[in-house]
Amino acid sequence: MKEQHPTNIAIFASGSGSNFDKIAKKAETGHLTCNVKILICDKEQAMVMEKAQALGIPVFSFRAKDYENKEAFEKEIVDRLQEEGVELVVLAGYMRLIGTTLLEAFPNRIVNIHPSLLPSFPGKDAVQQALDARVKVTGVTVHFVDEGMDTGPIIAQEAVRVTTEDDVTSLQSKIQQVEHRLYPAVIQQLVEGEMYRVTT
Ligand code: GRF
């Protein structure tokens with residue numbers, strides 16, 4: 001069998017970083033054919049930063065308000081990603097729309113995970129949106145990123161049942177269990193070259 005070269009990835013996250021942690025640990029132990037080269041984070045106090053430090057993964061943290069506009073901070077991010085030889089960008093709780101600068105630098109090479117079955121419940125508070133809508137099934141979507149809010153082509157989805165006992169905490173927890181399994185599996189398929197979208 002052909003030896004596979006690990007793909008250099010960057011993870012963008014601004015929250016607790018549970019997805020970051022799962023992906024980084026799987027990469028570290030060789031269960032994912034990736035090197036997590038850098039964490040990009042736009043929240044100074046985010047717990048994900050501590051997780052990166054514990055794993056010895058470099059962090060680029062920034063405050064959007066220190067820059068003139070999105071293009072300015074995305075240019076700096078692109079420079080850092082290129083310095084690190086990043087080939088695939090993985091969004092895991094990065095709460096900003098990706099702009100043209102990043103999209104053009106990494107065409108079809110940016111993926112996101114969202115806690116609903118898109119196109120239902122895009123944007124913020126997707127778990128609460130599902131509860132408010134009283135759906136019986138919600139889930140997880142992994143998709144390519146385009147300029148829209150959770151609108152890019154869908155790569156994988158998995159359903160999660162909603163029961164009458166569920167509240168945000170319990171449903172979020174069921175969803176995250178799926179995320180922690182599905183996201184690394186999709187990333188592995190991507191790096192094995194099976195799923196890269198053909199540019200039209
Ligand atoms: C996840 O639920 C993901 O679907 C959404 O942001 C959340 C990040 O969670 N995009 P964590 O920081 O990885 O725990």
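Keep in mind that this is a model prediction, so the values were computed, not measured.

Rules used in this analysis
Residues numbered from 1 in each chain as written. Predicted model: local features only at pLDDT ≥ 70, side-chain atom pairs only at ≥ 80, totals over all residues. Heavy atoms only, no water. Helix = DSSP H or I, 4+ residues; strand = E, 2+ residues; numbered from the N terminus. Buried < 20%, exposed > 50% of the residue type's maximum accessible area, 1.4 Å probe, protein only. Polar contact = N/O pair within 3.5 Å; in protein donor to acceptor, adjacent residues only side chain to side chain. Contact = heavy atoms within 4.5 Å. Phe/Tyr/Trp six-rings, centres within 6.5 Å; stacked < 30°, edge-to-face > 60°. UniProt positions renumbered as here; feature names shortened; annotations may be inferred. Near = heavy atom within 4 Å. Areas by Shrake-Rupley, 256 points an atom, 1.4 Å probe, with all protein chains shown as cover. Nonpolar A, V, L, I, M, F, W, Y, C, P; charged D, E, K, R; others polar. Expected span 1.5 Å × (residues − 1). Bend = angle between axes of the 7 residues up to and from the residue.

## Side note on the side chain of D42
Its place among the elements puts D42 in the loop between β2 (34–41) and α2 (47–55). When its relative accessible area of 8% is taken as the criterion, D42 is described as buried. A polar contact is formed between the side chain of D42 and the side chain of R96, at a distance of 2.5 Å. When near neighbours in sequence (up to four residues on either side) are disregarded, D42 contacts A13, S14, F62, Y94 and R96.

## Digging into the packing of aromatic side chains
On inspection of all chains with the given rule, the structure shows 5 aromatic pairs. Residues F60 and F62 carry aromatic rings whose centres are separated by 5.9 Å and whose planes lie at 15° to one another, so their mutual orientation is stacked. Taking the centre distance of 6.3 Å and the plane angle of 80° together, the rings of F62 and Y67 count as edge-to-face. On the accessibility criterion, Y67 (21% relative accessible area) is partly exposed.

## Notes on the UniProt feature "domain: Formyl transferase N-terminal" (unreviewed entry) in the protein
Following the UniProt record, one finds the feature "domain: Formyl transferase N-terminal" (unreviewed entry) at residues 8–187. Annotated as residues 8–187, this span is 37% helix and 23% strand, and its ends, taken at the C-alpha atoms, are 12 Å apart.

## Some remarks on the site of the ligand
Around the ligand, the neighbouring residues are G15, S16, G17, S18, N19, G93, I113, H114, P115, Q176 and E179. Taking G17, its main chain carries an N or O atom lying 2.7 Å from an oxygen atom of the ligand. Taking I113, its main chain carries an N or O atom lying 2.9 Å from a nitrogen atom of the ligand. Starting from 370 Å² of accessible surface for the ligand in isolation, the protein chains cover 87%. Secondary structure elements with two or more residues in the shell around the ligand: α1 (18–28), β5 (110–114) and α6 (168–191). Per-class residue counts for the shell around the ligand are 2 nonpolar, 8 polar and 1 charged.

## Regarding α6
In this model, α6 (24 residues) spans 33 Å end to end at C-alpha, consistent with the 34 Å of a helix rising 1.5 Å per residue. E179 marks the point of greatest bend in α6, at about 25°. Among the residues trailing α6, G193 stands out with phi positive, at a value near 85°.

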